[in-house]
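Chains, contacts and geometry: an overview
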Amino acid sequence: QVQLVESGGGLVQAGGSLRLSCTASGRTFSRYTMGWFRQAPGKEREFVALIWLTSYSTYADSAKGRFTISRDNAKNTLYLQMNSLKPEDTAVYYCAASTYATGSGTVSDYDYWGQGTQVTVSS
């Protein structure tokens, strides 16, 4: 069992930056593919970025060049650095853990989810 707790969300103006963190309980954090997803009101949850055990990472087109995912296995923590934020980035952001070593951006690949943190970008 893995428990995930996100933090770092908030209100920021367009063009600003935020860094989200996700702290995981348990000793096996380093074994999981970790991902960030987001869900805006009235929309489905969508993939943002993921990072494998090997630190390979990939991003949704909407995040490429602006967001950076990273992990610190010693601290059981996942990060999402978000720069050049846009109003359309407004959503609840969730971190998630997948037992697949090479997990994809598919929601159903992920076994554990955090409670989410709100990111609001004003224009």
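Residues numbered from 1 in each chain as written. Predicted model: local features only at pLDDT ≥ 70, side-chain atom pairs only at ≥ 80, totals over all residues. Heavy atoms only, no water.

Attention shifts here to the sheet that holds strand β3 (residues 18-24). Pairing is antiparallel in the open sheet, where four strands are placed in the order β1-β3-β8-β7. Each end of this open sheet is capped by a strand with a single partner; those strands are β1 (4-7) and β7 (67-72). Sheet twist, expressed as the mean angle between neighbouring strand axes with direction ignored, is 15°. Alignment of β1 against β3, held across four bridges, turns out to be antiparallel. Pairing of Leu4 across the sheet is with Ala24, part of β3. (Pairing = 2+ DSSP bridges. Helix = DSSP H or I, 4+ residues; strand = E, 2+ residues; numbered from the N terminus. Axes fitted to C-alpha atoms, helices over the stretch in contact; angles between N-to-C directions.)

Attention shifts here to the state of the cysteines. Under the criterion given, the structure shown has one disulfide. Two residues, Cys22 and Cys95, share a disulfide whose sulfurs are 1.9 Å apart. Here Cys22 and Cys95 share a disulfide; its torsion about the S-S bond, 45°, makes the bridge right-handed. Of this pair, Cys22 sits in strand β3 while Cys95 sits in strand β9 (residues 91-98); the two residues are 73 residues apart in sequence, bridging distant segments of the chain. Like Cys22, the residue Cys95 is buried in the burial classification. (Disulfide = S-S within 2.5 Å. Buried < 20%, exposed > 50% of the residue type's maximum accessible area, 1.4 Å probe, protein only.)

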